[in-house]
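Coordinates in review
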Amino acid sequence: MVSNHFVGESWCRNHLADQKLLQLAEKIDTDLTEEARSKGCLPCGGTLHRSDYERKPRGGPQWDIRFSLCCSKEGCRKRHTPPSVRFMGRRVYAGLVVVLVSAMVHGLTPERVRALRETLGIDRRTLARWRQWWLGTFLESAFWREARARFMPPLCPKTVPLSLCQSFAVERRDRLLDLLKFLAPITTPSAWKELVM
Ligand SMILES: [Zn+2]
């Protein structure tokens, strides 16, 4: 049973307005990018250089660059986009928004959901697609099939991602960042391709 105390809209709104959280997320993305850069180009062993690209999440937060890397070796030049706690594959919304909003709508009345969508500028079909993605593509992914064993007691699959948020206790900023780090492996464009519906 989903606790209504948790499904407050307040923590979601607080997180989305939390400048410190947004700064920390950017810092984590910088670290993830440096980590990927230190590994070099996997296919050819070449040196990786920063090759960021513009990416503005619809409706905010005010990020505008997705960190990325490119192999410097002539003839390879492979792009390596590292995992991110801010961007989620090719979604036009920030990963943070996709997780929080998808979690929050569980247990809200249709009127509250509509009000929330309108505040954040998310249309009904987009929200329905997110929900379908969590309950279908995400649950069936190789990532989740492997990762779910870490959760004890097991998570309720029917309320993902709310059950994930509850398990991480994301009311706290650092725990929310932990959850986003946990999900980061599926945010790269190459991982995303296997996950898209
Ligand atoms: Zn290379």
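Re the overall build of the protein chain
When helices and strands are counted, the protein chain shows nine helices and five strands. Ordered by position from N to C terminus, the α and β elements of the protein chain give α-α-β-β-β-β-β-α-α-α-α-α-α-α. A compact globule built from 197 residues would reach a C-alpha radius of gyration of about 16 Å, and the protein chain, at 17 Å, matches this within 12%. Along the longest, intermediate and shortest principal axes, the C-alpha atoms of the protein chain span 55 × 35 × 30 Å. For the protein chain, buried positions account for 51% of its 197 residues.

Here we look at the coordination of the zinc ion
Metal coordination angles have textbook ideals: 109.5 degrees for a tetrahedral set of four donors and 90 or 180 degrees for an octahedral set of six. Binding of the zinc ion to the protein goes through C41 (SG), C44 (SG), C71 (SG) and C76 (SG), at separations of 2.2 to 2.3 Å. The coordination sphere of the zinc ion comprises four donor atoms, whose angles at the metal cover 99 to 114°; the geometry is tetrahedral. Sequence spacing of the donor residues for the zinc ion, all on one chain, is C-x2-C-x26-C-x4-C.

Side note on helix α3 (residues 95-104)
Summarising burial for α3: ten of the ten residues are buried, a large majority. Of all the residues in α3, the buried ones are G95, L96, V97, V98, V99, L100, V101, S102, A103 and M104.

A closer look at the packing of aromatic side chains
Enumeration according to the criterion identifies 13 aromatic pairs in this entry. Feature note: the residues W133, W134, F138, F143, W144, F151, F168, F182 and W192 constitute an aromatic cluster, connected by ring pairs. Here the basic side chain of R50 rests over the ring of F67, its NZ or CZ set 4.6 Å away from the ring centre. Residue placement shows R91 over the ring face of W133; its charged tip is 5.1 Å from the ring centre.

Observations concerning the pattern of salt bridges
Enumeration according to the criterion identifies ten salt bridges in this entry. For D52, the salt bridge is made with R50, and the minimal N-O distance between the two is 2.9 Å. Looking at D52, the relative accessible area reads 33%, which means it is partly exposed. Relative accessible area serves as the criterion here: at 35%, R50 is assigned to the partly exposed category. Note that R172 is salt-bridged to D174, the shortest N-O span being 2.6 Å. For D174, a relative accessible area of 36% corresponds to the partly exposed category. Taken together, the shared-partner salt bridges in this structure form one network comprising E26, D29 and R86.

Concerning the packing of α3 against helix α5 (residues 124-140)
Relative orientation of the contacting elements α3 and α5 amounts to 90°, with a least axis distance of 10 Å. Classified by the interaxial angle, the pair formed by α3 and α5 is roughly perpendicular. Across the interface between the two elements, V97, V98, V99, V101 and S102 of α3 pack against L127, W130 and W134 of α5. Here the residues of the contact of α3 with α5 sort into seven nonpolar, one polar and no charged.

Here we look at helix α2 (residues 19-39)
Given a rise of 1.5 Å per residue, 21 residues ought to cover 30 Å, and the 31 Å separating the end C-alpha atoms of α2 matches this to within 8%. Buried within α2 we find L21, L22, A25, I28, D29, L32, T33 and A36. Mapping the buried residues of α2 onto a view down its axis gives an arc of 140°, with all of them on the same face. Exposed residues lying more than 90 degrees from the buried face of α2 are Q19, Q23 and S38. A distance of 3.1 Å separates the backbone nitrogen of K20 from a side-chain oxygen at the start of α2, and that oxygen is part of D18.

With respect to the layout of surface pockets
What the largest pocket holds in volume is close to 490 Å³. Considering the residues around the largest pocket, the lining is formed by 19 residues, among which H80, T81, P82, P83 and T188 are closest to the centre. Listing elements by their share of the lining of the largest pocket, those giving two or more residues are α2, β5 (79-80) and α9 (189-195). By residue number, the principal contributor to the lining of the largest pocket is α2, which donates four residues. Here the residues of the lining of the largest pocket are counted per class, giving eight nonpolar, five polar and six charged.

What counts, and at which threshold
- Residues numbered from 1 in each chain as written.
- Predicted model: local features only at pLDDT ≥ 70, side-chain atom pairs only at ≥ 80, totals over all residues.
- Heavy atoms only, no water.
- Helix = DSSP H or I, 4+ residues; strand = E, 2+ residues; numbered from the N terminus.
- Rg over C-alpha atoms; globule rule 2.2 N^0.38 Å.
- Buried < 20%, exposed > 50% of the residue type's maximum accessible area, 1.4 Å probe, protein only.
- Donors = N, O, S within 2.8 Å, 3.2 Å for Na, K, Ca; no water.
- Tetrahedral: all angles 85-135°; square planar, octahedral: opposite > 155°, others 65-115°.
- Phe/Tyr/Trp six-rings, centres within 6.5 Å; stacked < 30°, edge-to-face > 60°.
- Lys NZ or Arg CZ within 6 Å of the ring centre and 35° of its normal.
- Salt bridge = Lys/Arg side-chain N within 4 Å of Asp/Glu carboxyl O.
- Axes fitted to C-alpha atoms, helices over the stretch in contact; angles between N-to-C directions.
- Parallel < 35°, antiparallel > 145°, perpendicular 65-115°, else oblique.
- Contact = heavy atoms within 4.5 Å.
- Nonpolar A, V, L, I, M, F, W, Y, C, P; charged D, E, K, R; others polar.
- Expected span 1.5 Å × (residues − 1).
- Arc of directions from axis to C-beta.
- Polar contact = N/O pair within 3.5 Å; in protein donor to acceptor, adjacent residues only side chain to side chain.
- 1 Å grid on protein atoms, 1.4 Å probe; cavity = no way out; pocket = protein on both sides within 12 Å on 5 of 7 lines; lining within 4 Å.
- Points joined across faces, edges and corners; volume = space filled by probe spheres on them.

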